[in-house]
Amino acid sequence: QVQLVESGGGLVQAGGSLRLSCAASGRTFSSYAMGWFRQAPGKEREFVARISWSGGSTYYADSVKGRFTISRDNAKNTVYLQMNSLKPEDTAVYYCAAKEKRYYQGLDYDYWGQGTQVTVSS
């Protein structure tokens, strides 16, 4: 069982930056693939980024490529999402998720956090 707790959300102006963190419990965090998703009001949850167990492989949605960076620190059981050049359309609740695999390209994650709100004003 893994528990995930996101933090770092908030209100930022367009063009600004935020860094989200997701702290995971459990001793096997380093063997999990991790992902970030988001859900805007009235919209379905969408994939944002993912990272393999070692951090050596990452992948991004086209909408955030070049602006967002996913990373992880296995010593701290934490995954990050650095968000730069934020746009109003990035406004959403952001969720981190864990999959009990070292590499994972799907959307069916095993564990989810409670989410953190990101609001980008124009």
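Anything mentioned here points back to the structure above.
Just so you know, these numbers come straight off a predicted model, no measurement behind them. (Residues numbered from 1 in each chain as written. Predicted model: local features only at pLDDT ≥ 70, side-chain atom pairs only at ≥ 80, totals over all residues. Heavy atoms only, no water.)

A closer look at the pairing of strand S5 (residues 46-51)
Formally: When accessible area is computed with a 1.4 Å probe and restricted to protein chains, residues below 20% of their type maximum are described as buried, those above 50% as exposed, and intermediate ones as partly exposed. Numbering of helices and strands runs from the N terminus; a helix is a DSSP stretch of H or I covering at least four residues, while a strand is a stretch of E covering at least two. Pairs of strands are assigned from DSSP output, requiring at least two bridges between the strands.
The buried fraction of S5 is high, at 5 of 6 residues. As judged from the 5 bridges shared by strand S4 (residues 33-39) and S5, these two strands associate in the antiparallel manner. Paired with methionine 34 across the two strands is isoleucine 51, which belongs to S5. Linking S4 back to S5 in an antiparallel pair, the connection comprises 6 residues, with glycine 42 at a positive phi of about 75°. The pairing of S5 with strand S6 (residues 58-60) spans 3 bridges and is classified as antiparallel. Bridge assignment links isoleucine 51 to a residue of S6, and that residue is threonine 58. In textbook terms, the turn of a hairpin is the stretch between consecutive antiparallel strands, and for S5 and S6 this stretch comprises 6 residues, one of which, glycine 55, has a positive phi near 90°.

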